[in-house]
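Residues per chain are reported as follows:
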Number of protein chains: 4
Amino acid sequence: MTIRVTVWGENVHEHENAVVAGVYPDTMHVTIADALNRAGGISAGTVTLQDPDHGLTPERLAETDVLIWWGHTAHGDVRDEIVDRVCDAVWGGMGMIFLHSAHFAKPFKRLMGAPCNLTWREAGERERIWVTSRNHPIAAGLPDFFELEHEEMYGEPFGVPEPLETVFISWFQGGEVFRSGLTYRRGAGNVFYFRPGHETYPTYHNAHVQRVIANAVRWAHNPAARIANPNDAPNVPVDRAPEKIETRGATLHKAGEAGYR
Amino acid sequence: MTIRVTVWGENVHEHENAVVAGVYPDTMHVTIADALNRAGGISAGTVTLQDPDHGLTPERLAETDVLIWWGHTAHGDVRDEIVDRVCDAVWGGMGMIFLHSAHFAKPFKRLMGAPCNLTWREAGERERIWVTSRNHPIAAGLPDFFELEHEEMYGEPFGVPEPLETVFISWFQGGEVFRSGLTYRRGAGNVFYFRPGHETYPTYHNAHVQRVIANAVRWAHNPAARIANPNDAPNVPVDRAPEKIETRGATLHKAGEAGYR
Amino acid sequence: MTIRVTVWGENVHEHENAVVAGVYPDTMHVTIADALNRAGGISAGTVTLQDPDHGLTPERLAETDVLIWWGHTAHGDVRDEIVDRVCDAVWGGMGMIFLHSAHFAKPFKRLMGAPCNLTWREAGERERIWVTSRNHPIAAGLPDFFELEHEEMYGEPFGVPEPLETVFISWFQGGEVFRSGLTYRRGAGNVFYFRPGHETYPTYHNAHVQRVIANAVRWAHNPAARIANPNDAPNVPVDRAPEKIETRGATLHKAGEAGYR
Amino acid sequence: MTIRVTVWGENVHEHENAVVAGVYPDTMHVTIADALNRAGGISAGTVTLQDPDHGLTPERLAETDVLIWWGHTAHGDVRDEIVDRVCDAVWGGMGMIFLHSAHFAKPFKRLMGAPCNLTWREAGERERIWVTSRNHPIAAGLPDFFELEHEEMYGEPFGVPEPLETVFISWFQGGEVFRSGLTYRRGAGNVFYFRPGHETYPTYHNAHVQRVIANAVRWAHNPAARIANPNDAPNVPVDRAPEKIETRGATLHKAGEAGYR
C-alpha cells in the first residue's frame, strides 16, 4: 500500500531570498517531496500557501494520508477555516508532520494547545541530533547521532505538552539543547514534530534528515478509514443503552434532541 | 497561603429552567464557590458569562490562582479574545479546572487541541466514580469509589489527548464507562478535567464531589510567579550564547531582529 | 514479512480442572496460537511452563518477534533467570503481550516496576469492553464496544504505571471498571496488557478477543534487528568524544575501564 | 509539616579514594542531608550500605517520607530483600529520589522495569542543565539553565521508560545530551531521577543542585498515609459487589479463597 503524502510549503523565501533560492532551487517542499518519492512506498505531492484554499481543499485532504508542513514568515496568512479543516482531518486520522519553524504554524499551535515557544539563534552553528528512543520506528536505520554542520539553534524550554515519546534531542554548539523529535496523538491522528530545517541551510538535502521524514511518514500513517465527523458527540437514547435502564428524574433535553455546543 | 479561585459560571439554565433553579437556587457557580470557601485555605469568588469580558478581565485573571469553568448551552457566546486571554493565563501558570459539559467549552478545546467529543444520555442513571491512581492528591480523603445516584451519562471514546494521569474512571448504570478525572499540563499551568455535574441533578451539593474540586484546586495551584509573556520566543544573540561561537554561513534575520510568527 | 509469535502457556488448569479442560480441550495457548495462525501474516507456536527453560531458550527467544504470556496458578514456578532472559529480549526489541492473570506474572511485574494489583471477583458476570482510543491500531476493525457475557471481574485501582496509551476500558455488571488495554515501551520493546481471559470461560474463542490479540501482535512487532546487549553502558573515551575536549580534574576510572554495576 | 528525609549513601569511595575524601570530607550523603536541613521544612538523616539492613529497617522506612539514593561501586552488595522492602515502601507512598550513578542501583532498575543504561565519560567536562518544563515545582527558583564546570558525562540513549515529565536536559561539552531530570509515579510513590553528582567533583556543594534536590523532596512527598499492603489484591465477594449480581457459570475459586500469585 502506497502512502499518499502532501507536502505543504509556504513558498515565500525560496522566491524572495537569494540564499534560500540558491540552496533550494526547486523550493523546499519539492525537495522534501522528491526525497520521499525516492524512499519507497510513498507517493508525495506538493501544495503551497498561494494555491486556492492554500492547496488544502477537502478533496486534497481526503486523498492525503500524511500532511507535512513547513512555514515560517507567513504563518499569519493561513486562513483560520483552513486550519480548522486541517485539524478535523488530523482528528479523523490523517497523519501530520511539522517541520522546524512550523512550531509557530497555526495548525501546530491549535493541535498542541500550548504556546509552542522556544529560544533561537541564527548563527550557522553545529547541531548534533541524538536518538533517545532506541529502535523507535522513526529512528530506523539511523546511527546513535548525526550532525548538521550549519543550523539555526532552537533552545529549551520548548513550550509544548509532554509528548507520547521523545525520539530525538539536539545538542547545539552554542550551548543549548532541544527536544527535536516528539510524537503526539490527537483524535485518530498521529502527529510528529521534527526540528531541523532552517531555510538558509541545505538540511533537507541531508540523507539522515530525509530518512527521518520518510520514517515519520510511515509511523504517522493510520491505515484505518478516515472518521467522517471526528467532532460528533452522539446521543445514546435510553432505549438503546447497552444495559436496560429507565429514565429517572428531570431532564433538560427532549428525546432525540442534539446536545449543546 | 490562601489559594485564590474564580468560579466561572455560564449562568443561563439557573434562570431559564425551573428544575435547575430548584436544584441550585444560589446558582451552580455560587454553590461551587461556597463549598470551596468552606474547604480551608481557599478563597473563591464567582464571575459569569454576562459580566463585562465575561468577568475575565486581565486584572481578574492576574488575581486568580485557579480558574474553574462550567458552561453548557452558551459555549458559542464566549468571545474568542477572552479565550485567548484565558489560555495565556494558563500557559503563564494559572491552574484551570473544567467541569462536566465544559468538555466542549472553547478554552478546553483550545488547550486540548483535540475534538473533546463523547457520547451522552440524560436518563438520571447511577454513576459510580472509581479512583484509578491510588493516593493521588486529587483523590485525597476519598474512598475507592463513590456514587452519584442520578447523573447524565458521558461515554467513551472521549476525544482528548492522553493525559498525564488518569485519576478517575466512571461506571454508568446504562453500560458505559468514561475517564472522569484527567490531568494535563499546558505551559506552566496545570489543567484538570472532572466529569460530573449535569445541571438538573444536585451533584455539586455532594460532599465527595466538593472534596474532589477542592483537592484539584490545591493540585492545580502553581505557586510560582505568573510568566508575564508565556508566548515569548526570545532571540539569543551570538555574543550571548552560553558557549563562545561565531556566526557562520548565510542568515535570514538581521542581528536583534524579532522572529516570524 | 511474517511475524513470529510464541504463545507461552502455564498449562496447568487445562489438565487439572475439568471445567477448563472442557472449555479449552486444546489448551488455552494452542487455542490462542491457532487463532493467530488464521489471522494472516502471523506464524504462531506454543511453549509451556513444563518445557526445559519453560520453553524460553535463548534460541527460541531469538526467533520470537512477539511473546504472549498467560499464567495464573504457577507464577512462582517461573525461574528468575528465565524472567531475566525474557526482560532482556523485550529490552532488545521483542514485543510482549500479557493476558489476564499475567498481571501478576513475574516478567510483567519486572517490566512494570509496580505492584500490578487489582480487585477481583469470579462470578461469571458480563464485561463490556470499550475502545477509548479511536482508530488505534490495536482496536482496528472493532466496534465501539464488545461484550463477554461471562468473565471474571478485575477492578480499579490497577497498580500499574501510567501507560503510553489507554486503548480499552471495561465495564462490569457488578459495578466495577478496569483499564483493559494498556500500551508501554520498555527499552526497544513494545508491551501490551489485555485483560480478558479467565480460564473457566470461552473468552479466547471470541472473535473480537482474537482480533485484539492479532492486532496487538502487529502493533508490538518491532522490525528492527534485536539489540544484542540491551544493558550495555559503553564508555566513550575522551579521544572519541563527538566534540574535541581534554580531560580535566580528577578521575575515578582508568582509561578504558568498565563502569560499575 | 516537616518532611522526613533519609539519605542513603553507599559510603565507599569517600573512604577509599583520596580525591573523593577531599571533596566530601563529611561524605556525600551527609553533605546532601546537611543542605536539606538548611532548606527549610525538611528534616534529613543518613544511613549507609554498611548499616544493618543497609540502614533500611521497616521502622526507618516507616518514618521516611522521601528516600534519596546515591550508589556507584557497590550496587551488587545491596541485598534483594531490602530492595523489595524499598519498592514496597515506594508503592505505598514513600517518595524516592535517585541521584547520578544510582541509575544502575537495584531499586531504580526494579522500579523502572527497563535497562537504565547510558553512555558515559569521565573527563571533567562542562555540563549545562536546562529547564525544559517552565515553572515546574522541581525547577522552582532556578534560572533557565545552570552550569557545572566539571562533571562526568552521561549520554543518550538513556534506557528508561517515558517519564511523566522531562524537567531537565543536560548539554555536555564533549557533544552529548542527556535527560537529567525525570519524574515517575509507581504505585502511590513519586519517583525522581536527577543526573548530576559524580563523586570526584563538588557537585553536591553547588547551590543550584542543592535547590533541585530540596525541590524534588517537596514534590515527591505524598502526605497521604502510607498504604499498609500495597500489593494486596482483594477479592470482592458477589454479595459485596457494588451492583446486585448473582454468580453464573463455573468457578475456579471457592468463595472467600485468596487469588493466585
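The present account deals with the structure reproduced in this document. Just so it is clear, the model here is predicted, and its values are computed rather than measured.

1. Focus on the relation of the copies chain D and chain B
- Under the fitted operation, chain D is carried onto chain B by 0.0 Å of movement along the axis and a turn of 180 degrees, and the coordinates agree to an RMSD of 0.0 Å. Such values leave the two copies arranged in the relation of a two-fold axis. The C-alpha atom lying nearest the rotation axis in chain D is that of Leu164(D); the distance is 3.1 Å.
- Mapped onto chain B, 100% of the interface residues of chain D are again interface residues, and the two copies thus contact each other with one and the same surface.

2. Focus: the packing of helix H3 (residues 28-39) of chain A against helix H7 (residues 207-220) of chain A
Residues and elements named next belong to chain A.
- Put simply, H3 and H7 touch, their axes get as near as 10 Å, and they point 70 degrees apart. The angle between H3 and H7 falls in the class roughly perpendicular. As for how H3 packs across H7, the hand of that crossing is right-handed. Contacts between H3 and H7 involve Ile32, Ala35, Leu36, Arg38 and Ala39 on the former and, on the latter, Gln210, Ile213, Ala214, Val217 and Arg218.
- Of the residues assigned to the contact of H3 with H7, the class counts are seven nonpolar, one polar and two charged.

3. What to know about the sheet that holds strand E5 (residues 119-131) of chain C
Residues and elements named next belong to chain C.
- Spatially, the nine strands line up as an open sheet ordered E2-E1-E3-E4-E9-E8-E7-E5-E6, and their pairing is mixed. The open sheet terminates on both sides in strands that have one partner only, identified here as strand E2 (42-48) and strand E6 (145-155). Across the sheet, the mean angle from the axis of one strand to that of its neighbour is 25 degrees, orientation sign disregarded.
- Bridging between strand E4 (residues 95-99) and strand E9 (residues 189-194) involves four bridges; their strand directions are parallel. Note on E9: the bridge partner recorded for leucine 99 is phenylalanine 194.
- On top of the sheet, helix H3 (residues 28-39) reaches strand E1 (3-9), E2, strand E3 (66-70) and E4; it is set at about 170 degrees to E2, its chief contact.
- In the packing of helix H5 (residues 80-92) onto the sheet, contacts are made with E3, E4, strand E8 (177-186) and E9, and the angle to E9 comes to roughly 115 degrees.

4. Quick word on the pattern of salt bridges
- Taken as a whole and judged by the stated rule, the model has 64 salt bridges over all chains.
- Asp53(A) is the salt-bridge partner of Arg79(A), the closest N and O atoms lying 3.7 Å from each other. Highlighted residues: Arg79(A) in the loop between strand E3 (66-70) and helix H5 (80-92) and Asp53(A) in the loop between strand E2 (42-48) and helix H4 (58-62), separated in sequence by 26 residues.
- Accessibility expressed as a relative area gives 21% for Asp53(A), which makes it partly exposed.
- Across the pair Arg4(D) and Asp65(D) runs a salt bridge, and its minimum N-O distance is 3.0 Å. Taken together, the residues span a long stretch of sequence, with Arg4(D) in strand E1 (residues 3-9) and Asp65(D) in the loop between helix H4 (58-62) and strand E3 (66-70) at a distance of 61 residues.
- Looking at Arg4(D), the relative accessible area reads 36%, which means it is partly exposed.
- For Asp65(D), a relative accessible area of 11% puts it in the buried group.

5. Topic: the interface of chain A and chain B
- On the side of chain B, 69 residues touch chain A, which itself brings 69 residues to the contact.
- Between chain A and chain B, the buried area comes to about 5,400 Å², and carbon and sulfur atoms account for 59% of it.
- On the chain A side of the contact with chain B, Trp120(A), Arg248(A) and Leu252(A) bury the most area, a combined 15% of that side's loss.
- At the surface where chain A touches chain B, the tally comes to two salt bridges.
- A salt bridge links Arg248(A) to Glu149(B); the nearest nitrogen and oxygen atoms lie 2.9 Å apart.

6. Things to note about the interface of chain D and chain B
- With 23 residues of chain D at the contact, the number on the chain B side is 23 residues.
- Buried area between chain D and chain B, both sides added, is near 1,600 Å², and the carbon and sulfur share of it is 48%.
- Of all residues in chain D, Asn135(D), Arg185(D) and Glu243(D) bury the most surface against chain B, accounting for 35% of the area lost on that side.
- At the boundary of chain D and chain B, one finds four salt bridges.
- Between Glu243(D) and Arg126(B) there is a salt bridge whose closest N-O contact spans 2.8 Å.
- At the junction of chain D and chain B, the tally comes to 14 residue pairs in polar contact (both at pLDDT 80 or more).
- Elements that contribute at least two residues to the side of chain D that touches chain B include exactly strand E5 (119-131), strand E6 (145-155) and strand E7 (165-172) of chain D.
- The element that contributes the greatest number of residues to the side of chain D that touches chain B is E5(D), accounting for three residues.
- When the residues that make up the side of chain D that touches chain B are grouped by side-chain class, the tally is ten nonpolar, six polar and seven charged.

Cut-offs and rules
Residues numbered from 1 in each chain as written. Chains lettered and ligands numbered in written order. Predicted model: local features only at pLDDT ≥ 70, side-chain atom pairs only at ≥ 80, totals over all residues. Heavy atoms only, no water. Least-squares fit on C-alpha atoms with pLDDT ≥ 70 in both. Contact = heavy atoms within 4.5 Å. Axes fitted to C-alpha atoms, helices over the stretch in contact; angles between N-to-C directions. Helix = DSSP H or I, 4+ residues; strand = E, 2+ residues; numbered from the N terminus. Parallel < 35°, antiparallel > 145°, perpendicular 65-115°, else oblique. Left-handed = near helix turned anticlockwise from the far one by under 90°. Nonpolar A, V, L, I, M, F, W, Y, C, P; charged D, E, K, R; others polar. Pairing = 2+ DSSP bridges. Salt bridge = Lys/Arg side-chain N within 4 Å of Asp/Glu carboxyl O. Buried < 20%, exposed > 50% of the residue type's maximum accessible area, 1.4 Å probe, protein only. Buried area = accessible area lost by both parts, 1.4 Å probe. Polar contact = N/O pair within 3.5 Å; in protein donor to acceptor, adjacent residues only side chain to side chain.

It is worth stressing that arrangement in space is one thing and function is another; only the former is reported here.
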